[in-house]
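Each chain, written out:
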Amino acid sequence: MIERVIILDNIDPVVFYGVNNSNIQLIKNLFPKLRLAARGNVLKVIGDEKETAAFETKIKELEDYCSRYNQLTEEIIIDIIRGAAPVEVKQDHLIIYGVNGKPIVGRTPNQQKLVTAFGTNDLVFALGPAGSGKTYVAIALAVRALKNKEVKKIILSRPAVEAGEKLGFLPGDMKDKIDPYLQPLYDALQDMIPAAKLKEYMESNVIQIAPLAFMRGRTLSDAVIILDEAQNTTTHQIKMFLTRLGMNAKMIITGDMTQIDLPPTQTSGLIQAIRILKGIQGIGKVEFNKKDIVRHKLVQRIVEAYEKYDEKQKNERAEKKKEEKQE
């Protein structure tokens, strides 16, 4: 009789063990000759050497499946342990599987372009209107790179700029103060990484969420770095952020030129950066439009209405200037 200790590194034990440990109970039933104990991410098994070796092999196969699909059902457990590999259902334009096995895909041609641009460039600008999925896809690409061990960490940042209203002093420590600005990034992460695993990543700084002001002086290596809402950066801020890029790192900058919340006297750093960096090898740019909007159907109509209004205002100003010159 020997004892083997198996560490489950890449998965959330809550998902692997199942509701009320139903998956572990099933595994015990499928290996009746072995004594099994599970605690946290550690499995201990006692039994014959050959039986425990076969058990470890099957557990690693189950772990690989759970890591990839973020779910583990009784049917899958039975199939894998009995040697019948589950049939893989191919998903077009799949990025990763999110929580509960939800496939996260590039749903529009421009979302698919962002996936391609990320693979071929170390720095990508993703520009477009609200709801076009640019931030969501960017975070999915970062999570995929982390799961595939292409990078060691994910760093997410946004400028702490209110959308037209002054919130004043916020209570709490630094995390409490910046959380309201970073909530959209948390929302996306919660869709893609099981809660217990996400908490572990955040506590161990594998996933770091920080305001832009805390980036100065850092060199960001072995990471995917995402700057969201970059239209609200100043020219100095975005230059500082872009020059943080270290070895084996990739950066995605997202922004919407129509939603600049900076004071009227300040130039958006994103607009300037796009002009200055145009044509540089290794930098990609993907422009989303209203056809990429994947929120409620009304969002697309709202964006279109505002575009028409802005165009009308622009024409009226041009006409007024023309009349003033003629006078």
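In this text, all values refer to a predicted model and were calculated from it rather than measured experimentally. Once a new chain begins, its residue numbering starts again from 1 and follows that chain's sequence as written. It should be noted that, the model being predicted, local features are given only for residues of pLDDT at least 70 and side-chain atom pairs only at 80 or more, the latter also being counted only at that level, while totals for whole chains, interfaces and linings use all residues. Heavy atoms from the whole structure form the basis of all side-chain values; hydrogens and water molecules are not counted.

## As for the pattern of salt bridges
Salt bridges are defined by distance alone: a side-chain nitrogen of Lys or Arg within 4 Å of a carboxyl oxygen of Asp or Glu. Tallied over the full model, the rule gives eight salt bridges. A salt bridge links Arg158 to Glu229, with the nearest nitrogen and oxygen atoms 3.0 Å apart. Residue Arg158 is found in strand S7 (residues 153-158), and its partner Glu229 is found in the loop between strand S9 (223-227) and helix H9 (235-242); the two are separated by 71 residues along the sequence. Partly exposed residues are those whose accessible area sits between 20% and 50% of the maximum for their type, while under 20% is buried and over 50% is exposed, using a 1.4 Å probe and protein chains only. A residue is classified by how much of its surface remains accessible, and Glu229, at 26% relative accessible area, is partly exposed. A salt bridge links Lys285 to Glu287, with the nearest nitrogen and oxygen atoms 3.1 Å apart. A relative accessible area of 45% means that Lys285 is categorised as partly exposed. Owing to a relative accessible area of 48%, Glu287 belongs among the partly exposed residues under this scheme. Each member of the salt-bridge network shares a partner with another, and the members are Arg158, Asp228 and Glu229. A helix here means a DSSP run of H or I that spans at least four residues, while a strand means a run of E at least two residues long, and both kinds are numbered starting from the N terminus.

## Brief notes about the confidence of the model for the chain
Summary of the metric used: pLDDT quantifies the predictor's per-residue confidence within the range 0 to 100. Within the chain, residue pLDDT values average 86, and 91% of them lie at 70 or more. Whether two residues are in contact is decided by their heavy atoms, any of which lying within 4.5 Å being enough. Low pLDDT, under 50, characterises residues 162-168; the predicted model gives this stretch six contacts beyond four residues in sequence or across chains.

## Looking at a nonpolar patch on the surface
Residues forming no salt bridge and having over 30% relative accessible area are the ones grouped into patches, like charges within 9 Å of each other and nonpolar side chains (Val, Leu, Ile, Met, Phe, Trp, Tyr) within 5 Å. Working definition of accessibility: Shrake-Rupley area with a 1.4 Å probe, residue cover restricted to the visible protein chains. On the surface, a cluster of nonpolar side chains totalling about 320 Å² of accessible area is made up of Leu298, Ile302 and Tyr306. The residue Leu298 is located in helix H11 (residues 297-326) in this model. Residue classification places Leu298 among the partly exposed residues on the basis of a relative accessible area of 42%.

## A closer look at the packing of helix H5 (residues 109-120) against helix H6 (residues 134-147)
Convention adopted: a line fitted to C-alpha atoms gives each axis, helices being fitted over their contacting stretch, and angles between N-to-C directions are expressed from 0 to 180 degrees. At a minimum axis distance of 10 Å, the contact between H5 and H6 shows a crossing angle of 40°. Judged by the twist between their axes, the crossing of H5 over H6 is right-handed. Each of Gln111, Leu114, Val115 and Phe118 in H5 lies in contact with H6, whose residues at this interface are Lys134, Val137, Ala138, Leu141 and Arg144. For any helix crossing, the convention is left-handed if the near helix is rotated counterclockwise from the far helix by under a right angle, and right-handed if that rotation is clockwise.

## Digging into the pairing of strand S3 (residues 42-47)
Both faces of the sheet carry side chains from a regular strand, because those side chains alternate between them. The side-chain alternation of S3 yields one buried face, formed by Leu43, Val45 and Gly47, and one unburied face, formed by Val42, Lys44 and Ile46. As paired strands, strand S1 (residues 2-7) and S3 are joined by six bridges and run antiparallel to one another. Its bridge partner being in S3, Val5 is matched across the sheet by Lys44. Bridging between strand S2 (residues 35-39) and S3 involves five bridges; their strand directions are antiparallel. Within the sheet, the bridge partner assigned to Ala37 lies in S3 and is Lys44. Two strands form a pair only when DSSP identifies at least two bridges running between them. Following S2, the chain reverses through two residues before pairing antiparallel with S3; Gly40 in that reversal takes a positive phi of roughly 60°.

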